[in-house]
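Next come the chains, spelled out residue by residue.
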Amino acid sequence: MDLRDLYQEVILDHNRYPRNRGEVEGSDAEASGHNPLCGDAVRITLKMQDDRVVDIAFEGQGCAISTASASLMTEAVKGKTRDEAEALFRTFQSMVTNTDPEEQFDDLGELAALAGVREHPVRIKCATLAWHTLHAALTGDREASTE
Ligand code: FES
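So, a few notes on the structure that sits alongside this text.

Conventions and cut-offs
- Residues numbered from 1 in each chain as written.
- Predicted model: local features only at pLDDT ≥ 70, side-chain atom pairs only at ≥ 80, totals over all residues.
- Heavy atoms only, no water.
- Salt bridge = Lys/Arg side-chain N within 4 Å of Asp/Glu carboxyl O.
- Helix = DSSP H or I, 4+ residues; strand = E, 2+ residues; numbered from the N terminus.
- Phe/Tyr/Trp six-rings, centres within 6.5 Å; stacked < 30°, edge-to-face > 60°.
- Buried < 20%, exposed > 50% of the residue type's maximum accessible area, 1.4 Å probe, protein only.
- Pairing = 2+ DSSP bridges.

**Some points on the pattern of salt bridges**
Okay, so step 1: Counting across every chain of the model gives nine salt bridges.
Okay, so step 2: For Glu 23, the salt bridge is made with Arg 43, and the minimal N-O distance between the two is 3.3 Å. Of this pair, Glu 23 sits in the loop between helix H1 (3-16) and strand S1 (29-35) while Arg 43 sits in strand S2 (residues 40-49), and the two are 20 residues apart along the sequence.
Okay, so step 3: A salt bridge links Glu 30 to Arg 142; the shortest N-O distance between them is 3.6 Å.

**Section: the packing of aromatic side chains**
Okay, so step 1: By the definition in use, this model includes two aromatic pairs.
Okay, so step 2: Note on Phe 89 and Trp 131: the rings are 6.2 Å apart at their centroids and 5 degrees apart in plane angle, and the pair reads as stacked. Here Phe 89, found in helix H3 (residues 82-97), pairs with Trp 131, found in helix H4 (residues 121-139); they are 42 residues apart in sequence, far enough to count as distant.
Okay, so step 3: Residue class for Trp 131 comes out buried when judged on its relative accessible area of 0%.

**Regarding unusual backbone geometry**
Okay, so step 1: For Asn 20, which is not a glycine, the phi torsion comes out positive at approximately 55 degrees.
Okay, so step 2: The residue Asn 20 is located in the loop between H1 and S1 in this model.
Okay, so step 3: Even without being glycine, Asp 51 reaches a positive phi, approximately 65 degrees.
Okay, so step 4: The topology assignment puts Asp 51 in the loop between S2 and strand S3 (52-61).

**Observations regarding the pairing of S1**
Looking along a regular strand, one sees side chains alternate from face to face of the sheet.
Okay, so step 1: Burial of S1 is one-sided: the residues Ala 29, Ala 31, Gly 33 and Asn 35 facing one way are buried, the residues Glu 30, Ser 32 and His 34 facing the other way are not.
Okay, so step 2: Strand direction decides the pairing type here: S1 and S2, joined by seven bridges, are antiparallel. By the bridge assignment for S2, Ala 31 is matched with Ile 44.
Okay, so step 3: As consecutive antiparallel partners, S1 and S2 are separated by four residues, and within that stretch Gly 39 has a phi angle of approximately 90 degrees, a positive value.
Okay, so step 4: When S1 meets strand S4 (residues 143-145), the two strands line up parallel, connected through three bridges. Across the sheet, Ser 32 pairs through a bridge with Glu 143, a residue of S4.

Structure, rendered in structure tokens:
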């Protein structure tokens, strides 16, 4: 199994069995995001403690890439500080918009499974929808768009 197959497996698994799907009870931040290109939407709820994301969940309807990306995102940011989560968003965004196929993003762990979307520009919005929504929730905005 090469890296591409492995990444494909990660995306399929997170789409089939999304992690942290639903709503955080007693959340203290939330935002809704949508992708105007397709109308798909996601809602993120999260709980902060000492500037750290201690719980996070997502709900909404989206394509396989946006669902897998939201699932992977919730796993990646749980336990991170606000700044660490924002830094991860920037690195992730750089990965999916990067046009250099040789550049490696191994330190992103399972999130690197979405690196392939950079070859499909329309899919970049699918992969970043949940991240834009997280950013909105962390900065006090309640709405996000991939536009
Ligand atoms: Fe709508 Fe992917 S097609 S988010």
